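Structure assessment
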Amino acid sequence: MSKLKRINLKISGMHCAGCAGGIEKGLLKLAGVEKVQVNFATATSAVEFLSNQTDEEHILNEIAELGYQAAIGESSDIDSGVEHIEARNRFLLSMALTIPIVVISMKDILSLTLPFDKPATGLVLFFLTLPVMLFPGRGIFVDAFRQLKYLRANMNSLIALGSLSAFLYSFWITFESLIYSGRVTGFFYYETAAMIITLILLGRYLENRAKAKARDAIGALLRLRPDKATAVINGEEIEIKTAEVKPKMILFVRPGEKIPADGRIIEGEPSIDESMITGESVPVEKHIDNEVIGGSVNGNSSFKFIVTGTGENTFLGNIIRLISEAQNRKAPVQKLADKIASVFVPIVILVSLMTFGVWFLIDPQNSMVLTAPVAVLITACPCALGLATPTAILTGTGWAARRGIFIRGGDILENVIKVDHVIFDKTGTLTEGNFEVVAVETAGDEDEKSEARMIQLAASAESGSTHPLAGAIVRKAAELEIDLLAENDLTEFPGFGLQARVDENFVLVGNRATMEKEKIDIEMLSDKAVEEMEKGHTIVYVAVDNQAIGFLALSDKIRDEAPQVLNEISQTGRKVIILTGDNYLTAKGVAKTLTVGRFEAGVKPDQKATIVETYRRAGNKVMMVGDGINDAPALASADIGVALGGGTDVAIESADIILVRDDLESLLETFNISRMTYRIIKQNLFWAFSYNVIAIPIAAGL
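Procedures and definitions
Residues numbered from 1 in each chain as written. Predicted model: local features only at pLDDT ≥ 70, side-chain atom pairs only at ≥ 80, totals over all residues. Heavy atoms only, no water. Helix = DSSP H or I, 4+ residues; strand = E, 2+ residues; numbered from the N terminus. Contact = heavy atoms within 4.5 Å. Areas by Shrake-Rupley, 256 points an atom, 1.4 Å probe, with all protein chains shown as cover. Pairing = 2+ DSSP bridges. Core = buried A, V, L, I, M, F, W, Y, C linked by side-chain atoms within 4.5 Å. Buried < 20%, exposed > 50% of the residue type's maximum accessible area, 1.4 Å probe, protein only. Patch = residues over 30% accessible without salt bridge, like charges linked within 9 Å, V, L, I, M, F, W, Y side chains within 5 Å. Salt bridge = Lys/Arg side-chain N within 4 Å of Asp/Glu carboxyl O. Polar contact = N/O pair within 3.5 Å; in protein donor to acceptor, adjacent residues only side chain to side chain. pLDDT = per-residue confidence, 0-100. Axes fitted to C-alpha atoms, helices over the stretch in contact; angles between N-to-C directions. Nonpolar A, V, L, I, M, F, W, Y, C, P; charged D, E, K, R; others polar. Phe/Tyr/Trp six-rings, centres within 6.5 Å; stacked < 30°, edge-to-face > 60°. Lys, Arg positive; Asp, Glu negative; His and termini not counted. Charge placed at Lys NZ, Arg CZ, Asp CG, Glu CD. Arc of directions from axis to C-beta.

Notes on the overall build of the chain
Across its full length, the chain carries 26 helices and 26 strands. Contacts spanning at least 24 positions in sequence make up 67% of the contacts within the chain whose residues lie at least 6 apart. A total accessible area of about 33000 Å² is found for the chain, and carbon and sulfur atoms account for 56% of it.

See the structure below:
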């Protein structure tokens, strides 16, 4: 069976969105290539292919055949500063060569007297303009002729046509004046040819600077990694390169130093600044066995830790990978803009030829016969269309990353604003996920002995379970210094409760449904239980030898920010729904506290994805927010899955958006970033389209 492989490529030589589209079309024609995404803004590509039909070498050769250079590598490896500096140097050289050409061409306007006549002026301008074409402008012409070889056209084709037309026409006038003894029959347009090159190179310089700035989210994360680390080897502190750090090594971190890798503290209690990674401005107090994140900064206390992850297998490495992948994924509106940009150049060339034909028919002697077609070629701007969306998405995802919000792609960022239903898992998402026993009710005599006995039996039975409620009951017993008894024959009923034999007693601990199933009478406890449930508390009944002896009321504290976050989401017109495994009364109590009108009670873990799908099939755009393993299917089923950073790895891998700060207020920031980014995209596209629609007819002389 063939295996689908994915490679990330760095591509050089692209000059417009049309180039990116050409590479995509060319690679998709290659046998075995399943999916191609080329990002003009990041100069990268992600290619998925069947390894039994093609390989990396064939893909690289195909890109070379198309006229571009490619190398295998993550987009995080890109040094955007080099490209930026080269673009600046080309522009400065071109400008230095162009200034004397413009001054000489404007001698009459500037009232300058030159020591040579007009034919000689043409010759001087020719030799001044030629270096502009051959050196700073060389890349433009080389690429244009390469495109012609493959019967394609891009932005460089327009520039080359425009500047060469002006240059060759001027050269003909100069040559003619030399042949006919100084008689000049037309105007020189050398300054037009030189200015075209210079202004385009200025645009490329500004474009590269904008792209470098937008890509800086990855650069900022890469700069978090220190170059060196202090390893503890045989009791001695030895300085090594960070690249040499291996898992299970023990590292020593001094006050103020960056932490070189992920790990677990084995000595010391530092205060660590994780703001560059999580967006949380307050330093985090750490203790022995706490985890530390590579790239964060140590406070004023040294410590030692054992390495658990290095390089790409770290929290920071995963985040860099997520951002790289996000920047390669195209938003739907970007795909539309790229399609338009891919046919833009041929249309502009056609318009230029039509302009030449019309002016030639109207007045063959008019200078507009040359200047109008050239103006059409150099005025048209497909780059604006190609960059309108990706630069905005790069900036949006980068800004979000600095706030501890990691978005997997531009398509996700765009889809966030379309969400009309936001579904929250209750436990661990709207609550802190730490249950505590807040009330104890016994059947019959209400004395401390009967309460203690019930807690002892319940905690002993629950001691073998890993459920959060079980942990809370066991902690309550420890808090009251109640000794646990041995439990045997433990049987758990997921979503219902458990049973076990404790001290020769058959102990059943669970919810109302469990008791009813076992036909255990709990009527005498009902009124008190309802009172607790209306407060949003979870009720756990305890029965011994098929007779109810009481219940424990447990509370999971609602996050401080949850009411405000849910209220603000509701005010945007979006519907908020809570999913919980609690019974109806408990769920109603929680919903009332959070002022949420819609909730689904008694939801089993495997039912969450079904509920999400039900809302989607009704035509809604659904966002699911969760944190646990049992939330992963629902996160994957939703249009947008959001995982809190404190959640499980499974939930995070299933999510489209990760809130590293484990704070629901980050969700509001996500909506705001999405809205602002999409507004900027629409503004960019509006001005890009408007410029071309207005400027091209004016350039044509209308």
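On we go.
A closer look at the sheet that holds strand β12 (residues 297-298)
Within the open sheet, the 3 strands sit side by side as β10-β9-β12. Their pairing is antiparallel. The open sheet is flanked by β10 (284-285) and β12, the only strands paired with a single partner.

Describing the nonpolar core
If you look at the biggest cluster of nonpolar residues, it comprises 38 residues, and the most contacted ones within it are Leu158, Ile159, Tyr190, Ile197 and Val348. Ile197 has contacts with Ser94, Val132, Met133, Gly137, Ile140, Phe141, Ile159 and Ser163, leaving out every residue within four places of it along the chain. One finds Ala400, Leu430, Phe599 and Val625 within the second-largest nonpolar core, a separate group that totals 35 residues.

Remarks on a nonpolar patch on the surface
Nonpolar side chains collect at one region of the surface, where Leu92, Met95, Ile99, Val103, Met106, Ile109, Leu110 and Leu112 lie side by side and expose about 670 Å² of accessible area between them. Of all the elements in the fold, those that place two or more residues in the nonpolar patch are α3 (80-105) and α4 (107-110). It is α3 that provides the largest number of residues to the nonpolar patch, a total of 4 residues. By the element assignment, Met95 lies in helix α3.

Considering the environment of Thr192
On the secondary structure map, Thr192 appears in helix α8 (residues 190-214). Taking the C-alpha atoms as reference points, Thr192 and Thr371, 179 residues apart in sequence, are found 9.2 Å from one another.

Quick word on helix α2 (residues 56-65)
For α2, the N-terminal capping position is held by Asp55, with its side-chain oxygen 3.3 Å away from the main-chain nitrogen of Glu57. Gly67 sits one or two residues past α2 and shows a positive phi near 100°.

Notes on the environment of Phe171
With respect to the element layout, Phe171 can be found in helix α7 (residues 155-179). For Phe171, a relative accessible area of 35% corresponds to the partly exposed category. It is 8.3 Å that separates the C-alpha atoms of Phe171 and Tyr190, two residues lying 19 residues apart in sequence. When sequence neighbours within four positions are dropped, the list of residues in contact with Phe171 reads Phe126 and Tyr190.

Observations regarding the confidence of the model for the chain
Residues at a pLDDT of 70 or more form 87% of the chain, whose mean pLDDT is 83. The secondary-structure element of the chain with the lowest mean pLDDT is helix α25 (residues 649-654), recorded at 61, while strand β7 (residues 250-253) shows the highest, at 95. Note that pLDDT drops below 50 for residues 75-79; the model gives that stretch 13 contacts with residues more than four away or on any other chain.

Quick notes on the pairing of strand β21 (residues 547-558)
It is a general feature of regular strands that their side chains alternate between the two faces of the sheet. Where burial is concerned, most of β21 is hidden: 9 out of the 12 residues are buried. By the bridge criterion, 7 bridges tie strand β20 (residues 538-544) to β21 in an arrangement that is antiparallel. The residue bridging Ala543 from the neighbouring strand is Ala548, located in β21. Between the antiparallel neighbours β20 and β21 lie 2 residues, among them Asp545 with a positive phi of about 50°.

Some points on the pairing of strand β2 (residues 33-39)
The buried count for β2 comes to 5 of 7 residues, which makes it a mostly enclosed element. As defined by bridge partners, β2 adjoins strand β3 (residues 44-50) across 6 bridges and the pair is classed as antiparallel. By the bridge assignment, Asn39 is partnered in β3 with Thr44.

Examining the pattern of salt bridges
A full pass over the atoms with the stated rule returns 19 salt bridges. With a closest N to O distance of 3.5 Å, Lys228 and Glu239 form a salt bridge. Here Lys228 is found in strand β5 (residues 228-233), whereas its partner Glu239 is found in strand β6 (residues 236-241), with 11 residues between them in sequence. For the residue pair Lys228 and Glu239, the accessibility class agrees, reading exposed in each case. Each of Glu237, Arg254 and Glu257 takes part in a single network of salt bridges with overlapping partners.

Describing the packing of helix α20 (residues 526-534) against helix α22 (residues 584-593)
Where α20 meets α22, the closest approach of the two axes is 7 Å, and the angle between their N-to-C directions is 30°. Contact with α20, carried on its side by Val530, Met533 and Glu534, involves Leu585, Thr586 and Gly589 of α22 and no other residues of that element. Residue composition of the contact of α20 with α22, by class: 3 nonpolar, 2 polar and 1 charged.

As for the packing of aromatic side chains
Tallied over the entire structure, the rule returns 15 aromatic pairs. Relative to Phe171, the ring of Phe126 lies with its centre 5.1 Å away and its plane at 35°, an arrangement referred to as tilted. Of this pair, Phe126 sits in helix α5 (residues 118-134) while Phe171 sits in helix α7, placing them 45 residues apart in sequence. For the ring pair Trp172 and Phe175, a centre distance of 6.1 Å and an interplane angle of 35° mean the geometry is tilted. With Trp172 and Phe175 both in helix α7 and 3 residues apart, the pair spans about one turn of that helix. Residue class for Trp172 comes out partly exposed when judged on its relative accessible area of 47%. Pairwise contacts between aromatic rings join Phe126, Phe127, Phe167, Phe171, Trp172, Phe175, Phe188 and Tyr190 into one cluster.

A look at a negative patch on the surface
Taken together, the side chains of Asp521, Glu523, Asp527, Glu531 and Glu534 define an acidic patch exposed on the protein surface. Within the secondary structure layout, Asp527 lies in helix α20. Under the relative-accessibility criterion, Asp527 is labelled exposed at 63%.

Structural notes on helix α21 (residues 562-571)
Turning to α21, its buried residues are Ala562, Val565, Leu566 and Ile569. Down the axis of α21, the smallest arc covering the buried residues is 95°, so these residues share one side. Tucked into the core, α21 has its buried residues touching β15 (421-425), α16 (426-430), β21, β22 (575-579) and α26 (665-699). In the stretch just after α21, Gly573 is the one whose phi turns positive, near 95°.

Notes on the sheet that holds β6
Strand pairing in a sheet takes place through backbone hydrogen bonds and is either antiparallel or parallel in direction. Spatially, β6-β5-β7-β13-β8-β11 is the arrangement adopted by the 6 strands of the open sheet, whose pairing is antiparallel. One side of each edge strand has no neighbouring strand; the edge strands of this open sheet are β6 and β11 (291-292). The pairing of strand β8 (residues 262-267) with β11 spans 2 bridges and is classified as antiparallel. Following the sheet pairing, Arg264 is matched in β11 by Glu291.

Some thoughts on the side chain of Glu669
Tracing the backbone through its elements, the reader meets Glu669 in helix α26. Residue classification places Glu669 among the buried residues on the basis of a relative accessible area of 16%.

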